[in-house]
Amino acid sequence: MRAPQLFTFLEHCEDSSLEKEILECGAGIWPSLEPLFVRFQERGYVVHGIDISPERLAAAQQYCTDNHLDVDLRQGDMRQLPFDDRSISFVYAYNTIFHMRKSDVAVAMQEIERVLKPGGLCFVNFLSHADCGFGTGERVGDGEYAQIEAGEAVIHSYYDAQEAELYFAAFDLLHKENRLLERWFEDGERLVQGYIDYIGRKRAVHD
């Protein structure tokens, strides 16, 4: 699996003086896909990972067993992270946090802030209004839609260009990228995906 955003975040982490210990939120994988946390471990990081899906977590655990990887994987919810206050140097949440209502996203962001050490870094990305899924499915809130995936209704929350910055009041923003990804398939279908990526550093003292 290729994720340029991961390597951008790793560069920022490598510049930090904090201990190499990272939490990946949404660390479960689909079978046959390489988990992203492998890249952290290759760089010498102690890796923790949570996922709310037992099936995807089991796939990640099997991958670790098959490849002799030492990763602390746990079933968990971003809204209640199973870690102590100020205990983690870095948190990485790729294509994860927007699968919940915006009120729950706010709780999850508070949890990320809680577990991060002062000066700790987080990567979080959000779906943007430019994404082809915006406005589709059953509207359940402002920018929130229940959309069918694999036969189940899954929440997707979409954000305008500035909206998500409200979650970063306790952070200094180091990086922001408003991305548009277009894909074409053999049948001629065109898929447009819109994301807004953030890297933030938790302030030592809140303003």
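The structure this text deals with has already been given above.
Everything numeric here is computed off the predicted structure, so don't read it as measured data.

Chemist: Hey, could you run me through the overall build of the chain in this one?
Modeler: Counting its regular elements, the chain contains 4 helices and 10 strands. Helices and strands appear in the chain in the N-to-C order α-β-α-β-α-β-β-α-β-β-β-β-β-β. Relative to the compact-globule value of 17 Å for 207 residues, the chain shows a C-alpha radius of gyration of 17 Å, a close match. Structurally, the chain occupies a C-alpha span of about 45 × 45 × 25 Å along its principal axes.

Chemist: What is the right way to read the environment of Leu191 from this model?
Modeler: Residue position: Leu191 is located in strand 10 (residues 190–202). Sequence separation between Leu191 and Gly151 is 40 residues; the distance between their C-alpha atoms is 20 Å. Residues within four places of Leu191 in sequence aside, it is in contact with Cys132, Leu181, Glu182, Arg183 and Phe185.

Chemist: When you look at the pattern of salt bridges in this model, what are you seeing that I'm missing?
Modeler: Any two side chains of opposite charge can pair if their charged atoms end up close together. All told, the structure shown has 16 salt bridges when counted by the stated rule. The closest approach of N and O atoms between Glu144 and Arg101, which form a salt bridge, is 2.3 Å. With Glu144 in strand 7 (residues 144–149) and Arg101 in the loop between strand 4 (88–93) and helix 4 (102–115), the pair connects residues that are 43 residues apart, well separated along the chain. Between Arg190 and Glu182 there is a salt bridge; the shortest N-O distance is 2.7 Å. Take Arg190: its relative accessible area is 48%, and that puts it in the partly exposed class. The exposure class of Glu182 is partly exposed, given its relative accessible area of 33%. Beyond isolated ion pairs, a larger network of salt bridges with shared partners links Glu34, Arg39 and Glu42.

Chemist: What's the story with the layout of surface pockets in this structure? I'm lost.
Modeler: Using a probe with the size of a water molecule, rolled over the atoms, empty space left in the structure can be pinpointed. Approximately 1600 Å³ is the volume attributed to the largest pocket. Lining the largest pocket are 46 residues, with Trp30, Arg56, Asn95, Thr96 and His99 positioned closest to its centre. Put simply, the parts of the chain that give the lining of the largest pocket at least two residues each are helix 1 (4–14), strand 2 (46–51), helix 3 (54–66), strand 7, strand 8 (152–159), strand 9 (171–184) and strand 10. Here the lining of the largest pocket gets 6 residues from one element, more than from any other, and that element is strand 8. Its residues assigned to classes, the lining of the largest pocket shows 22 nonpolar, 12 polar and 12 charged.

Chemist: Would you mind going over the nonpolar core with me for this structure?
Modeler: One broad rule of soluble globular proteins: the nonpolar side chains tend to lie buried together. Residues Met78, Val91, Met109, Ile112, Phe126 and Phe168 are the most contacted members of the largest nonpolar core, which totals 28 residues. At the level of elements, strand 1 (21–25), strand 4, helix 4, strand 5 (116–128) and strand 10 are the ones that each hand at least two residues to this core. The biggest single contributor to this core is helix 4, with 5 residues. Judged by nonpolar contacts, the second largest core, of 26 residues, contains Phe37, Phe40, Tyr92 and Leu121.

Chemist: Can you help me understand the state of the cysteines in this one?
Modeler: Note on terminology: disulfide describes a covalent bond linking the sulfur atoms of two cysteines. In the structure shown here, the tally under the stated rule is 0 disulfides. We note that Cys13 lacks a disulfide partner, and the nearest cysteine sulfur, in Cys122, lies 9.9 Å from it. Taking relative accessible area as the criterion, Cys13 reaches 2% and is therefore assigned buried.

Chemist: Honestly, helix 1 in this entry has me stumped. Any pointers?
Modeler: Structural remark: α-helix, 3.6 residues per turn; residues separated by three or four positions point the same way. For helix 1, the set of buried residues is Gln5, Leu6, Phe9, Leu10 and Cys13. Summarising the axial view, the buried residues of helix 1 lie within an arc of 140°, below the 170-degree limit, and thus occupy one face. For helix 1, the exposed residues set more than 90 degrees away from the buried face come down to Pro4 and Glu11. Residues of helix 1 that are buried make contact with strand 1, helix 2 (37–42), strand 4, strand 5, strand 9 and strand 10.

Chemist: What is the right way to read the environment of Val154 from this model?
Modeler: Structurally, Val154 is set in strand 8. Beyond its immediate stretch of four places on either side in the chain, Val154 contacts His99, Tyr145, Ala146, Gln147 and Glu149.

Chemist: What exactly am I supposed to notice about the packing of aromatic side chains here?
Modeler: Counted by the stated rule, this structure contains 19 aromatic pairs. Arranged with centres 5.1 Å apart and planes meeting at 35°, the rings of Tyr92 and Phe123 form a pair that is tilted. On the criterion of sequence distance, the pair formed by Tyr92 in strand 4 and Phe123 in strand 5 is long-range, its members being 31 residues apart. Under the relative-accessibility criterion, Tyr92 is labelled buried at 0%.

So, how was this worked out
Residues numbered from 1 in each chain as written. Predicted model: local features only at pLDDT ≥ 70, side-chain atom pairs only at ≥ 80, totals over all residues. Heavy atoms only, no water. Helix = DSSP H or I, 4+ residues; strand = E, 2+ residues; numbered from the N terminus. Rg over C-alpha atoms; globule rule 2.2 N^0.38 Å. Contact = heavy atoms within 4.5 Å. Salt bridge = Lys/Arg side-chain N within 4 Å of Asp/Glu carboxyl O. Buried < 20%, exposed > 50% of the residue type's maximum accessible area, 1.4 Å probe, protein only. 1 Å grid on protein atoms, 1.4 Å probe; cavity = no way out; pocket = protein on both sides within 12 Å on 5 of 7 lines; lining within 4 Å. Points joined across faces, edges and corners; volume = space filled by probe spheres on them. Nonpolar A, V, L, I, M, F, W, Y, C, P; charged D, E, K, R; others polar. Core = buried A, V, L, I, M, F, W, Y, C linked by side-chain atoms within 4.5 Å. Disulfide = S-S within 2.5 Å. Arc of directions from axis to C-beta. Phe/Tyr/Trp six-rings, centres within 6.5 Å; stacked < 30°, edge-to-face > 60°.

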